[in-house]
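For reference, the chains in residue letters:
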Amino acid sequence: MNRAVASVPVHRIGAVHPADDRDQVAVEEPLEIRLIEADAVPDSPGESIAITMRTPGHDAELATGFAITEGIVANFDELAGVESRAT
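Cut-offs and rules
Residues numbered from 1 in each chain as written. Predicted model: local features only at pLDDT ≥ 70, side-chain atom pairs only at ≥ 80, totals over all residues. Heavy atoms only, no water. Helix = DSSP H or I, 4+ residues; strand = E, 2+ residues; numbered from the N terminus. Rg over C-alpha atoms; globule rule 2.2 N^0.38 Å. Buried < 20%, exposed > 50% of the residue type's maximum accessible area, 1.4 Å probe, protein only. Contact = heavy atoms within 4.5 Å. Areas by Shrake-Rupley, 256 points an atom, 1.4 Å probe, with all protein chains shown as cover. Lys, Arg positive; Asp, Glu negative; His and termini not counted. Charge placed at Lys NZ, Arg CZ, Asp CG, Glu CD. Arc of directions from axis to C-beta. Polar contact = N/O pair within 3.5 Å; in protein donor to acceptor, adjacent residues only side chain to side chain.

1. Here we look at the overall build of the protein chain
Right, so step 1: Each helix and strand counted, the protein chain has one helix and four strands in total.
Right, so step 2: Helices (α) and strands (β) of the protein chain occur, in sequence order from the N terminus, as β-β-β-β-α.
Right, so step 3: For the protein chain, whose C-alpha radius of gyration is 19 Å, the value lies well above the compact-globule estimate of 12 Å for 87 residues.
Right, so step 4: Its C-alpha atoms give the protein chain principal-axis dimensions of roughly 65 × 25 × 20 Å.
Right, so step 5: The 87 residues of the protein chain split such that 15% are buried.
Right, so step 6: Pairs at least 24 residues apart make up 24% of the contacts formed inside the protein chain by residues separated by at least 6 positions.
Right, so step 7: Summed over its atoms, the accessible surface of the protein chain is roughly 6800 Å², and 55% of this surface lies on carbon and sulfur atoms.
Right, so step 8: Seen as two clouds, the 6 positive and the 16 negative side-chain charges of the protein chain have centres 10 Å apart.

If you want it as structure tokens, here you go:
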């Protein structure tokens, strides 16, 4: 199943006959964005710069866009890399 969607129980009351059913909803999870300097020691935890709620997936793109729009970097070329680390 797609992590971005969950099936949840619902009770429909707008129909002629109310009924129990299931519905698909978007899932949100927190994402911590951390900045690690290019010359940092290996496995450095870096500095937490944001925690945001998002639908899981495309986390590297989200973090890149965040860093650019917040002025942390001026453009994509200033990034040495983007990686995901599960906790």
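2. What to know about helix α1 (residues 59–69)
Right, so step 1: Buried within α1 are the following residues: D59, A63, T64 and A67. All buried residues of α1 fall inside an arc of 135° around its axis, so they share one side. In this structure, α1 carries E61 and T69 as exposed residues pointing more than 90 degrees from its buried face.
Right, so step 2: Summarising the contacts, the buried residues of α1 are in contact with β3 (29–35) and β4 (47–54).

3. Things to note about the environment of D21
Right, so step 1: Within the secondary structure layout, D21 lies in strand β2 (residues 19–26).
Right, so step 2: Judged by relative accessible area, D21 falls into the partly exposed class, the value being 37%.
Right, so step 3: Between the C-alpha atom of D21 and that of A50, which follows or precedes it by 29 residues, the distance is 37 Å.
Right, so step 4: Look past the residues within four positions of D21 in its chain and what remains in contact with it is V8, P9, V10 and R12.
Right, so step 5: At a separation of 2.9 Å, a polar atom in the side chain of D21 contacts the side chain of R12.

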